[in-house]
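These are the residues of each chain, in order.
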Amino acid sequence: MAKRNKKNNSMEKVDDESKGVGKLKMFFYWFIIPFLFTLFILLLVAQLTNVNVFEKAKELTGVGQPKVVTEDIKTERLEKKVVSIQAEIQEKEAQIDKLQIELDNSSKTNESLLIEQQRLLDEIDNLQREQTSTKKEYSSIVSTFEKMSAKAAAPVITKMSDAEALRILSSLKPDTVAQIFEKMTPDAAAKYTELMTKQ
């Protein structure tokens, strides 16, 4: 009995499997094959009539078509561009104004520097003229001391400031200086000799 039950169970399984395969075959025969046959016929007709199936599919679905740009969209885009360009222009004008201010400040600074330079040049000219006149005066003083007697020159030099006395003694001839030192006190002569050696 157990063997019969096993045979019946295996037969039932085979029947169930054949029914499952049968349903799949039915689906294949009734739907897949006719669909493929119809598709083949449509492609053949499209080929004979020179119709591009892919382009037609794009037209029907709307994929890949360029967007239609209306006048409003164009106007809006142009307005945005105009606004951005105007903003750039304003920014450039601000930069130009800033650079113009810097240029004006630089020009004013240059003018003030030129004025200062001219003032300094005038001052140098005045100092050179004064120096020239001082040199003339000094040379006339030195020549006066050379003409003076040593007895008269010695007390005058001792009454002067050390700097002035040293300047005059340095400009005199050595013989004249020696004669003046002879007429000075030994302390004064030693002091001026020491100052002359340090110079």
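Residues numbered from 1 in each chain as written. Predicted model: local features only at pLDDT ≥ 70, side-chain atom pairs only at ≥ 80, totals over all residues. Heavy atoms only, no water.

Asker: How should I be thinking about unusual backbone geometry in this particular structure?
Answerer: Leaving glycine out, the prevailing phi sign among residues is negative, and the prevailing peptide bond configuration is trans. Unlike most non-glycine residues, N50 shows phi in positive territory, near 55 degrees. Looking at where N50 falls in the secondary structure, it is placed in the loop between α1 (2–48) and α2 (53–61). (Helix = DSSP H or I, 4+ residues; strand = E, 2+ residues; numbered from the N terminus.)

Asker: Any chance you could explain the pattern of salt bridges here in plain terms?
Answerer: Once their charged atoms are close, side chains differing in charge can pair, the charge on each being opposite to the other. Under the definition given, this model contains five salt bridges. Three or more residues joined by partner-sharing salt bridges are found here, namely E116, R119 and E123. (Salt bridge = Lys/Arg side-chain N within 4 Å of Asp/Glu carboxyl O.)

Asker: Mind showing me how you'd approach the nonpolar core here?
Answerer: The nonpolar side chains of a soluble globular protein tend to be buried, and buried together. I157, L169, L172, I180, F181, M184 and Y192 are the most contacted members of the largest nonpolar core, which has 18 residues in total. Taken together, the elements giving at least two residues each to this core come down to α3 (71–147), α4 (150–159), α5 (162–171), α6 (174–183) and α7 (186–198). For this core, the element with the most residues is α4, which contributes four residues. Beyond its immediate stretch of four places on either side in the chain, Y192 contacts I157, T158, M160, D162, A165, L169, F181 and M184. (Core = buried A, V, L, I, M, F, W, Y, C linked by side-chain atoms within 4.5 Å. Buried < 20%, exposed > 50% of the residue type's maximum accessible area, 1.4 Å probe, protein only. Contact = heavy atoms within 4.5 Å.)

Asker: Teacher, can you tell me more about the confidence of the model for the protein here?
Answerer: Interpretation of the predicted coordinates at a detailed level should be avoided for regions scoring low in pLDDT. Overall, the predicted model of the protein reaches an average pLDDT of 82, with 85% of residues at or above 70. The element-level mean pLDDT for the protein is lowest in α1, coming to 74, with α3 highest at 88. (pLDDT = per-residue confidence, 0-100.)

Asker: Would you take a moment to explain the packing of aromatic side chains for this structure?
Answerer: The description of two aromatic rings rests on the distance between their centres and on the angle between their planes. Per the counting criterion, the structure on display carries two aromatic pairs. Look at F28 and Y29: their rings are 6.3 Å apart centre to centre, the planes differ by 65 degrees, and that puts the pair in the edge-to-face class. Residue F28 is classed as partly exposed on the basis of its relative accessible area, which comes to 43%. (Phe/Tyr/Trp six-rings, centres within 6.5 Å; stacked < 30°, edge-to-face > 60°.)

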